[in-house]
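Fold and geometry: a report
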Amino acid sequence: MSRSRGRRLGAFVFLSPGLTYLLVLMLVPLVLVLGTSFFQRGRFGGVVYEFTTENFGRLVDPLYLGVLGDSVRIAVLTTLLALLIGYPTAYLIARLPRKWKTVALVAIVLPFWTNFIIRIYAWIMLLNGPGLVNSGLKLLGLGPYELLYNDGAIVVGLLYSYLPLMVLPLYAAIERLDPQLREASANLGASAFTTFRKVTLPLTVPGVLTGSLFVFVPSFGNFVIPEMLGGSKSIMVGNLIRNQFLKARDWPFGSTLALALIAVLVVLLVAQAWAARRG
Amino acid sequence: MGRGRLLYVPFWAAYAFLYLPIAVLVVMSFNSGDSAYTLDGFSLKWYGELAADERIRDGLVNTLIVATGSTAIATVLGTMLAVGLARHTRSKTLDAVALMPAVLPDLVLAIGLLVFYGVIQLTLGLYSVVLAHGLFAMAFVAAVVRTRLAGADTSLEEASRDLGAGPVATFMRITLPQLVPGIVAGALLAFTLSLDEFVIAYFTIGNSEQTLPIVIYSMIRFGVTPKINALAAILLLVSFTAVIAGQRLTRIGESRAQD
């Protein structure tokens, strides 16, 4: 009896400060964003508290649908490339001797801990007109090409920033595999490729899904990388939201766009949970 | 065998992709010329220019203030949250809510806070960033400490209670000491995350102050200079040291837990 009361008191003492913080600075703001999306913008910025659903109507404007489509396209391409590079990398790391495994993993994560803006800056240096990539191409008698300020540069920047988030869950999934399964498959006469296709790959699908989500989410909502590496025509949904809040001063429509962003991510999360349960 | 070798192509490509830009960045920071593209010779002059740049110095001070403040909030509240979630409730919903700031896109958190600060008419400044960074850093500290709690031996806590120690004494003398490596790792994580954070700071800092990432961002928009490379090299060194120290710490914690 006294223990169960102590337990409730403990729950209150330990949980209430953190949960209050979460309530005030996360949940209340999210509700405010939801609310703002149903209001109108003032003529000189600011919010006019009159109910409207007009902002949601604007979402289906071909201009904004196009931006959403472009964002999905760029984020999907980034995710696929990350998978293509990340899977073999994670696979080999999982099969390294124990000592080298740690080194290889730390080396994958290390760049992730350096300043985000500086990592993008590095790519401006590399891809710019007189940058290293063009200098290298010149030695081969090629170029110079305009490598910066296009969708390709955005994909490279996103890939560079989020590749570790693909490798880690893949590594965790591959590492957990019982090596005997592969041996059994080989002993039964399956080729290395068949073993991979029928044993390794299906068993690591959860890792593939998690890694893809980890790369897709920050890529899709990004505004810094498209702004720094993309051209004037490449706008992603993140840039649109940023502009509504800090430039156009249309907070209601910016909030609506943010809700669209959250909606896409929620659909993905639900789909991932569903796929994980089925697999 | 031959086919297995083929896997090494994307493997090494991945590492080259990750480290080549960093290597170029560091090499160019020692350039004696004015270009960030062609290496003329070795010099440390850009490091000197960096030290003399007041905007960068102010940005660094602001960043350290924000990181220290938010780490303090995140470490205390995150640790309490982790203990509460692991020992005092079985609610999956609370678990999910506590992790949300780490999962939500930074842009969504940023505009949420901007709207919220607008509604309560808070003048933006360093403290609004401290509160914002404290929020997402708390989620990371809570996650790290929870992992540690999951591995901790509850029979020690039970023994302490059975031997007549009160809940406070049990927490202070049994639970907390076991958590120290996790708390330190969580605090390091929180500090590093805050140092590098750009998006939320950019939205919630207002017009009068700048953190270091914001200073770098506005410098880059005016063009590339080896001064940024010098700054990059120093920040790389700091981050790498922190990560490796954190790695060591967790490993010491783990080997102690095994003893």
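Each chain carries its own residue numbering, running from 1 in the direction its sequence is written. Here the convention is simple: chains get letters from A, ligands get numbers from 1, in the order in which they are written. For a predicted model such as this one, the threshold for reporting local features is a pLDDT of at least 70, and the threshold for listing and counting side-chain atom pairs is 80 or more; totals across whole chains, interfaces and linings nevertheless cover every residue.

- For chain B, an unreviewed UniProt entry supplies the name Spermidine/putrescine transport system permease protein and the organism Nonomuraea jiangxiensis.
- UniProt positions are given in the numbering used here, feature names are shortened, and annotations may be inferred rather than shown by experiment. For chain B, the Sequence similarities (unreviewed entry) comment in UniProt is given as "Belongs to the binding-protein-dependent transport system permease family. CysTW subfamily."

- Chain A is annotated in an unreviewed UniProt entry as Spermidine/putrescine transport system permease protein of Nonomuraea jiangxiensis.
- Under the UniProt heading Sequence similarities (unreviewed entry), the entry covering chain A gives this text: "Belongs to the binding-protein-dependent transport system permease family. CysTW subfamily."
- Entered under Subcellular location (unreviewed entry) in the UniProt record, the comment concerning chain A runs "Cell membrane".

**Concerning the overall build of chain B**
- The helix count covers DSSP runs of H or I at least four residues long, the strand count covers runs of E at least two residues long, and both are numbered beginning at the N terminus. Within chain B one finds 12 helices and zero strands.
- Starting at the N terminus and ending at the C terminus, chain B contains elements arranged as α-α-α-α-α-α-α-α-α-α-α-α.
- Dimensions of chain B, computed from the C-alpha atoms along their principal axes, are close to 75 × 65 × 35 Å.
- A pair of residues counts as a contact when their C-beta atoms, built from backbone coordinates, are within 7 Å of each other. Within chain B, contacts between residues at least 6 apart in sequence are counted, and of these 79% link residues at least 24 apart.

**Here we look at the overall build of chain A**
- When helices and strands are tallied, chain A shows 13 helices and two strands.
- Seen through its principal axes, chain A has C-alpha atoms that stretch 80 × 70 × 30 Å.
- Here a residue counts as buried when 20 or more other C-beta atoms sit within 10 Å of its C-beta, as exposed when there are 12 or fewer, and as partly exposed otherwise, the C-beta atoms being derived from the backbone. Per-residue burial over chain A gives 42% buried out of 279 residues.
- Considering only contacts in chain A between residues 6 or more positions apart, those separated by 24 or more positions represent 68%.

**Quick notes on the interface of chain A and chain B**
- Between chain A and chain B, the residue contacts involve 60 residues of the former and 60 residues of the latter.
- Element by element, the count of residues in the side of chain A that touches chain B is highest for helix H1 (residues 2-36) of chain A, at 18 residues.
- Residue classes follow a fixed rule: Ala, Val, Leu, Ile, Met, Phe, Trp, Tyr, Cys and Pro count as nonpolar, while Asp, Glu, Lys and Arg count as charged, and any other residue, Gly among them, counts as polar. Split by residue class, the side of chain A that touches chain B holds 47 nonpolar, 12 polar and one charged.

**Description of the packing of helix H4 (residues 54-87) of chain B against helix H11 (residues 212-221) of chain B**
Residues and elements named next belong to chain B.
- Where H4 contacts H11, the two axes come as close as 7 Å, and the packing angle between them is 145°. Together, Arg55, Ile56, Gly59, Leu60 and Thr63 of H4 and Leu212, Ile214 and Val215 of H11 make up the contact between the two elements.
- Of the residues belonging to the contact of H4 with H11, the class tally is five nonpolar, two polar and one charged. Axis definition: a line fit to C-alpha positions, over the contact stretch in the case of helices; interaxial angles, taken between N-to-C directions, run 0 to 180 degrees.

**Considering the UniProt feature "domain: ABC transmembrane type-1" (unreviewed entry) in chain A**
- UniProt feature "domain: ABC transmembrane type-1" (unreviewed entry): in the numbering of this structure it lies at residues 68-274 of chain A.
- Across residues 68-274 of chain A one finds 78% helix and 0% strand; the C-alpha atoms that close the span lie 24 Å apart.

**Section: unusual backbone geometry**
Residue and element names in this part refer to chain A.
- Here Tyr149, not a glycine, exhibits a phi torsion of approximately 60°, which is positive.
- Counting through the fold element by element, Tyr149 comes out in the loop between helix H6 (132-139) and helix H7 (151-175).
- Residue Tyr149 is classed as partly exposed on the basis of its C-beta count, with 18 C-beta atoms lying within 10 Å.
- Despite not being glycine, Arg249 shows a phi value in the positive range, around 60°.
- Looking at the element boundaries, Arg249 is found in the loop between helix H12 (237-246) and helix H13 (251-278).
- The class for Arg249 is partly exposed, based on 15 C-beta atoms found within 10 Å.

**Structural notes on the UniProt feature "domain: ABC transmembrane type-1" (unreviewed entry) in chain B**
- Mapped onto this structure's residue numbering, the UniProt feature "domain: ABC transmembrane type-1" (unreviewed entry) falls at residues 60-246 of chain B.
- Secondary structure over residues 60-246 of chain B splits into 83% helix and 0% strand, and the C-alpha atoms at its two ends are 22 Å apart.

**Brief notes about the nonpolar core**
- Remark: nonpolar core denotes a set of buried Ala, Val, Leu, Ile, Met, Phe, Trp, Tyr and Cys residues whose joining runs through C-beta atoms within 7 Å. The biggest cluster of nonpolar side chains holds 146 residues, and the ones touching the most others in it are A:Ile120, A:Leu163, B:Ile111, B:Leu113, B:Met138 and B:Val141.
- Top contributing element to this core by residue count: H7(A), with 16 residues.

**What about the UniProt feature "transmembrane region" (unreviewed entry) in chain A?**
Residue and element names in this part refer to chain A.
- In this structure's numbering, the residues bearing the UniProt feature "transmembrane region" (unreviewed entry) are residues 12-34, 72-93, 105-127, 147-172, 203-225 and 253-275.
- End C-alpha to end C-alpha, residues 12-34 measures 29 Å, and it is 100% helix and 0% strand.
- Segment residues 147-172 splits into 85% helix and 0% strand. End C-alpha atoms: 35 Å apart.

**As for the UniProt feature "transmembrane region" (unreviewed entry) in chain B**
Residues and elements named next belong to chain B.
- Mapped onto this numbering, the UniProt entry annotates "transmembrane region" (unreviewed entry) at residues 7-30, 64-86, 98-120, 126-145, 179-205 and 228-246.
- In residues 7-30, the share of helix is 88% and the share of strand is 0%. The end C-alpha atoms are 36 Å apart.
- With 87% helix and 0% strand, the stretch residues 98-120 has end C-alpha atoms that lie 24 Å from each other.

**Structural notes on the packing of helix H10 (residues 205-220) of chain A against H13(A)**
All names here are of chain A.
- Packing of H10 against H13 brings their axes to within 10 Å, and their N-to-C directions diverge by 175°. Considering their axes alone, H10 and H13 lie roughly antiparallel with respect to each other. Contacts between H10 and H13 involve Pro206, Leu209, Leu213, Phe216, Val217 and Phe220 from the former and Val264, Leu265, Leu268, Gln272, Ala275 and Ala276 from the latter.
- Grouping the constituent residues of the contact of H10 with H13 by class yields 11 nonpolar, one polar and no charged. Relative orientations are named as follows: roughly parallel for angles under 35 degrees, roughly antiparallel for angles over 145 degrees, roughly perpendicular for angles from 65 to 115 degrees, and oblique for any other angle.

**Examining helix H2 (residues 8-28) of chain B**
Residues and elements named next belong to chain B.
- One less than the residue count of a helix, multiplied by 1.5 Å, gives the span that helix is expected to have. Between the first and last C-alpha of H2 there are 29 Å, a value that for 21 residues agrees with the 30 Å anticipated at 1.5 Å per step.
- Note that bend, as reported per residue, equals the angle between axes fitted to the 7 residues terminating at that residue and the 7 residues originating from it. At Tyr19, H2 shows its strongest bend, of approximately 30°, with the proline Pro21 following within four residues.
- If you check which residues of H2 are buried, you get Ala14, Leu18, Pro21, Leu25 and Met28.

**Description of the confidence of the model for chain B**
All names here are of chain B.
- Summarising the model, chain B shows a mean pLDDT of 87, and 95% of its residues fall at 70 or more.
- What pLDDT conveys is the predictor's confidence in a given residue, as a value from 0 to 100. The least confident element of chain B is helix H1 (residues 2-6), whose mean pLDDT is 65; the most confident is helix H10 (residues 199-204), at 96.
- Both confidence scores are given for the complex: pTM 0.88, ipTM 0.87.

**Re the environment of A:Thr89**
- Here A:Thr89 lies in helix H3 (residues 62-94).
- The exposure class of A:Thr89 is buried, given the 27 C-beta atoms found within 10 Å.
- Spatially, the C-alpha atoms of A:Thr89 and A:Ala104 are 9.6 Å apart, while their sequence positions differ by 15 residues.
- Leave out the neighbours within four places in its chain, and A:Thr89 touches A:Val167, B:Pro10, B:Phe11 and B:Ala14.

**Side note on the environment of B:Val184**
- Relative to the helices and strands, B:Val184 is located in helix H9 (residues 167-196).
- Sequence-wise, B:Val184 and B:Val145 are 39 residues apart; in three dimensions their C-alpha atoms are separated by 9.2 Å.

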